[in-house]
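Listed below are the residues making up each chain.
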Amino acid sequence: MVLRSDDVDTSVMVSSADRETAAAPGIPPPEDVAMSMQHAYLLYGKKTVLSDCSLDCKRGEVTCVIGLSGAGKSTILRLINGLRRPQGGHIYVNGSDIVGLPERDLIEVRKKMGFAFQGAALFDSLTVTENVSYPLYEHTKLSPDEIEKRVDDTLESLGLSDVADRLPAELSGGMQKRVGFARAIVNEPEIILFDEPTTGLDPIMTNVITDTIRTIQSKLHATSVVVMHDMPSVYAIADNIAMLFEGTIIASGPAKDFRRSQNPIIQQFLQGSEVGPIPL
Ligand SMILES: Nc1ncnc2c1ncn2[C@@H]1O[C@H](COP(=O)(O)OP(=O)(O)O)[C@@H](O)[C@H]1O
Ligand SMILES: [Mg+2]
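Small disclaimer: the values here were computed from a predicted structure and weren't measured.

Each value, and the rule that gives it
- Residues numbered from 1 in each chain as written.
- Chains lettered and ligands numbered in written order.
- Predicted model: local features only at pLDDT ≥ 70, side-chain atom pairs only at ≥ 80, totals over all residues.
- Domains from an automatic or database assignment.
- Contact = placed C-beta atoms within 7 Å.
- Core = buried A, V, L, I, M, F, W, Y, C linked by C-beta atoms within 7 Å.
- Buried ≥ 20, exposed ≤ 12 C-beta atoms within 10 Å, placed from the backbone.
- Helix = DSSP H or I, 4+ residues; strand = E, 2+ residues; numbered from the N terminus.
- Pairing = 2+ DSSP bridges.
- Axes fitted to C-alpha atoms, helices over the stretch in contact; angles between N-to-C directions.
- Near = placed C-beta within 6 Å.
- Nonpolar A, V, L, I, M, F, W, Y, C, P; charged D, E, K, R; others polar.
- Parallel < 35°, antiparallel > 145°, perpendicular 65-115°, else oblique.
- Left-handed = near helix turned anticlockwise from the far one by under 90°.
- Expected span 1.5 Å × (residues − 1).
- pLDDT = per-residue confidence, 0-100.

Engineer: Which parts of the structure should I look at to understand the domain arrangement of the chain?
Structural biologist: One can read the domain layout of the chain as domain 1 (55–84 + 193–273) and domain 2 (119–188). Put simply, the middle of domain 1 and the middle of domain 2, counted by C-alpha atoms, are 24 Å apart. Domain 1 puts 10 residues into the contact, and the matching count from domain 2 is 9 residues.

The following block contains the structure:
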């Protein structure tokens with residue numbers, strides 16, 4: 001049989017070197033790294049989204065993941081909380097590799113995480129208080145009184161006490177996002193994942209949201225992974241910045257060093273320029 005080139009689906013081809021990295025044993029990260037993704041491969045069907053993707057997130061710090069639309073940023077968050085499993089590689093969360101864990105163990109891992117989705121994803125028919133209480137009824141054994149206190153404190157810390165009895169539809173988009181944050185942090189998670197918290201907001205609400213993330217950070221000292229591409233917001237909150245490009249993290253490091261990067265892909269992204277190595 002003659003193999004024609006169009007019989008070969010290159011999108012699922014992994015080179016032998018890639019296969020070795022994907023299958024290589026993971027290396028437990030040092031104690032100060034709360035999340036370590038090592039050589040992750042993720043395909044949706046035949047489409048490779050992440051390829052040899054590695055990222056470390058330092059404990060108690062904010063890491064912003066930047067990248068083009070469709071680059072795979074949300075996918076990275078889904079891998080970190082185990083909503084998706086990679087086809088290769090390792091993902092250490094608090095020292096344990098979660099790849100291959102059975103679902104019941106992943107549920108335990110997720111209890112220590114908060115996930116603020118891209119849309120606020122609130123329950124329409126529940127009030128703000130009921131929405132924010134939900135994870136505590138679902139995942140903890142706290143008494144109703146303890147839950148009420150925890151929810152009141154969380155709403156107060158995010159400036160939401162006045163809207164506690166409202167329904168989501170009665171709130172602005174920015175306010176709904178903050179309620180989504182309140183629900184994500186009410187468990188006092190060790191790791192918080194924020195998916196594009198400022199996308200689609202006006203400049204004032206964007207500032208409110210970045211301030212809210214800073215408030216959360218100073219209250220919980222969590223390890224936060226924030227996907228966003230609005231660079232002023234990134235600089236306002238990031239300790240570290242990582243750039244995802246063509247399936248892999250091409251650079252990561254302290255936010256203050258990132259601006260000075262000589263990498264032409266990073267420079268083009270930061271400047272929002274049409275001219276450069278990034279294909280349009
Ligand atoms: N469940 C899915 N099934 C198939 N393709 C998907 C799925 N989720 C995302 N994709 C595709 O994978 C790529 C990366 O998606 P995503 O992680 O959402 O990117 P980003 O968050 O950077 O915009 C996109 O091309 C998207 O269309
Ligand atoms: Mg996304």
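Moving on from the model shown.
Engineer: Would you take a moment to explain the nonpolar core for this structure?
Structural biologist: Most often, soluble globular proteins have nonpolar side chains that are buried together. In this structure, Met35, Cys64, Ile80, Ala182, Leu193 and Val226 are the most contacted members of the largest nonpolar core, which totals 68 residues. Two domains share this core, each providing at least three of its residues, namely domain 1 (55–84 + 193–273) and domain 2 (119–188). The contact partners of Cys64, leaving out residues within four places of it in the chain, are Val226, Met228, Val234, Ile237, Ala238 and Ile241.

Engineer: I'm lost on the pairing of strand 4 (residues 88–93) in this one. Help?
Structural biologist: Looking down a regular strand, the side chains alternate between one sheet face and the other. In terms of burial, strand 4 is largely enclosed, as 6 of its 6 residues are buried. With 5 bridges joining them, strand 1 (residues 33–44) and strand 4 adopt antiparallel strand pairing. Among the inter-strand pairings, Tyr41 is bridged to a residue of strand 4, identified as Gly88.

Engineer: I would appreciate a short explanation of the sheet that holds strand 2 (residues 47–58) in the present structure.
Structural biologist: By way of backbone hydrogen bonds, the strands of a sheet pair with one another, either parallel or antiparallel. One open sheet accounts for 4 strands, arranged 2-1-4-5; its pairing is antiparallel. Pairing within the sheet leaves two strands with one partner each, and these edge strands are strand 2 and strand 5 (96–97). Sheet strands touched by helix 2 (residues 73–80): strand 1, strand 2 and strand 4. Its angle to strand 1, the strand with the most contacts, is close to 120 degrees.

Engineer: I keep staring at the site of ligand 1 and nothing clicks. Help me out?
Structural biologist: Taken together, the neighbourhood of ligand 1 is formed by Tyr44, Val49, Gly67, Ser69, Gly70, Ala71, Gly72, Lys73, Ser74 and Thr75. Per-element tally for the shell around ligand 1: the top contributor is helix 2, with 3 residues. Along the lines of polarity and charge, the residues of the shell around ligand 1 split into 3 nonpolar, 6 polar and 1 charged.

Engineer: I would appreciate a short explanation of the packing of helix 6 (residues 173–185) against helix 7 (residues 203–220) in the present structure.
Structural biologist: The angle between the axes and the distance between the axes are what describe a pair of packed helices. Two elements in contact, helix 6 and helix 7, have axes whose closest approach is 10 Å; the angle formed by their N-to-C orientations is 15 degrees. Overall, the two elements helix 6 and helix 7 adopt an arrangement that is roughly parallel. At the point where helix 6 passes helix 7, the crossing takes the right-handed sense. Where helix 6 abuts helix 7, its residues Gly174, Lys177, Arg178, Phe181 and Ile185 lie against Met205, Val208, Ile209, Thr212, Ile216 and Leu220. In terms of residue class, the contact of helix 6 with helix 7 is made up of 7 nonpolar, 2 polar and 2 charged.

Engineer: Help me understand the sheet that holds strand 6 (residues 113–116) in this model?
Structural biologist: Pairing in this open sheet of 6 strands is mixed, and the strands run 6-7-8-3-9-10 from one edge to the other. Each of the sheet's edge strands pairs with one partner strand only, and the pair in question is strand 6 and strand 10 (248–254). Taken pair by pair, the neighbouring strands of this sheet meet at an average axis angle of 15 degrees, ignoring direction. This element, helix 2, spans strand 3 (62–66), strand 7 (191–195), strand 8 (223–227) and strand 9 (240–245) of the sheet and lies at about 150 degrees to strand 8.

Engineer: I would appreciate a short explanation of the pairing of strand 9 in the present structure.
Structural biologist: For strand 9, a buried count of 5 out of 6 residues is recorded, marking the element as mostly surrounded by other parts of the structure. Here 4 bridges tie strand 3 to strand 9, and the two strands are oriented parallel to one another. Within strand 9, the position partnered with Ile66 by the bridge is Met243. Inspection of the sheet shows strand 9 paired to strand 10 by 6 bridges, in the antiparallel sense. The residue of strand 10 that forms the bridge with Ala242 is Ser252.

Engineer: It is not clear to me how helix 6 should be interpreted in this structure. Could you clarify?
Structural biologist: Each α-helix turn comprises 3.6 residues. Residues three or four places apart therefore point the same way. Compared with the 18 Å implied by 1.5 Å per residue over 13 residues, the 19 Å span of helix 6 between its first and last C-alpha is a close match. Most of helix 6 sits out of view: 12 of its 13 residues are buried. Turning to helix 6, its buried residues number three or more, namely Gly174, Met175, Gln176, Lys177, Arg178, Val179, Gly180, Phe181, Ala182, Arg183, Ala184 and Ile185.

Engineer: Explain the confidence of the model for the chain here, please?
Structural biologist: A low pLDDT means the predicted coordinates there should not be read in detail. Across the chain, the average pLDDT comes to 90, with 92% of residues at or above 70. Contacts from residues 1–13, a stretch scored under 50 in pLDDT, to residues over four places away or in other chains number 7 contacts.

Engineer: Whenever I open this one, unusual backbone geometry confuses me. Can you help?
Structural biologist: Leaving glycine aside, a negative phi is the common case for residues, and trans is the common case for peptide bonds. One non-glycine residue, His39, lies in the positive phi region at around 50 degrees. Among the secondary structure elements, His39 is positioned in strand 1. Take His39: there are 21 C-beta atoms within 10 Å of it, and that puts it in the buried class. Residue Asn94 is not a glycine yet carries a positive backbone phi of 50 degrees. By the element assignment, Asn94 lies in the loop between strand 4 and strand 5.

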